[in-house]
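Notes for the structure review
Here is what each chain is made of, one letter per residue.
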Amino acid sequence: MEITQAQYERIAPVLPVQRGNVKLSNLQVLNAILYVAEHGCKWRGLPTRFGNWHTVYTRMNRWSKNGVLDRVFEHLQREQIVRIKLEAVALDSTMVKVHPDGTGALKKTDPNPSASPEAAGPPRFIWLPRMLERP
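In what follows, the accompanying structure is described. As the structure is a prediction and not an experimental result, all values here were calculated from the model.

1. Some details on the packing of helix α2 (residues 26-39) against helix α4 (residues 68-78)
Close contact between α2 and α4 brings their axes to 13 Å; oriented N to C, the two are set at 80 degrees. Taken together, the axes of α2 and α4 are roughly perpendicular relative to one another. Packed against α2, whose contacting residues are Leu30, Ile33 and Leu34, the element α4 presents Leu69, Val72, Phe73 and Leu76 at the interface. When grouped by side-chain class, the residues that make up the contact of α2 with α4 number seven nonpolar, no polar and no charged.

Given below as structure tokens:
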């Protein structure tokens, strides 16, 4: 799923204007984002034809925080350039197993900071004396 230059021109006003010396055009970054969204690959698994994966990820992250990505996908659907299907996946503990080391850690006990009970602070229990004999 890649968009062409003609399709890009229809949604170009939504994207920010590129300034300065940039290595990747907005079209290349948008095609890379669509590739990751379609194939579900990791950013590091992005093919080299899209450019440096970190550059693409950084710009996508910036667009996402500024709301640009939402407007782009809205225009892509409104112009009927790309059809997007949203799917939700739910995972719970019946499907995902925990590594044996992750089930629980040993409790750490703090040593008493001082041997004298006055310096240790208030007692953590209440002691009630019992009467053994009745008067």
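2. Points about α4
Along α4, the residues that are buried comprise Val68, Leu69, Val72 and Leu76. Seen end-on, α4 carries its buried residues on one side only, within an arc spanning 95 degrees. Opposite the buried face of α4, by more than 90 degrees, sit the exposed residues Asp70 and Arg78.

3. Details of the pattern of salt bridges
Within the structure shown, the criterion is met by three salt bridges. Glu74 is the partner of Arg78 in a salt bridge, and the nearest nitrogen-oxygen pair spans 2.4 Å. In this pair, Arg78 and Glu74 are both assigned in helix α4, four residues apart and thus about one turn of the helix distant. The exposure class assigned to Arg78 is exposed, which follows from its relative accessible area of 51%. Take Glu74: its relative accessible area is 43%, and that puts it in the partly exposed class.

Criteria and cut-off values
- Residues numbered from 1 in each chain as written.
- Predicted model: local features only at pLDDT ≥ 70, side-chain atom pairs only at ≥ 80, totals over all residues.
- Heavy atoms only, no water.
- Axes fitted to C-alpha atoms, helices over the stretch in contact; angles between N-to-C directions.
- Helix = DSSP H or I, 4+ residues; strand = E, 2+ residues; numbered from the N terminus.
- Parallel < 35°, antiparallel > 145°, perpendicular 65-115°, else oblique.
- Contact = heavy atoms within 4.5 Å.
- Nonpolar A, V, L, I, M, F, W, Y, C, P; charged D, E, K, R; others polar.
- Buried < 20%, exposed > 50% of the residue type's maximum accessible area, 1.4 Å probe, protein only.
- Arc of directions from axis to C-beta.
- Salt bridge = Lys/Arg side-chain N within 4 Å of Asp/Glu carboxyl O.

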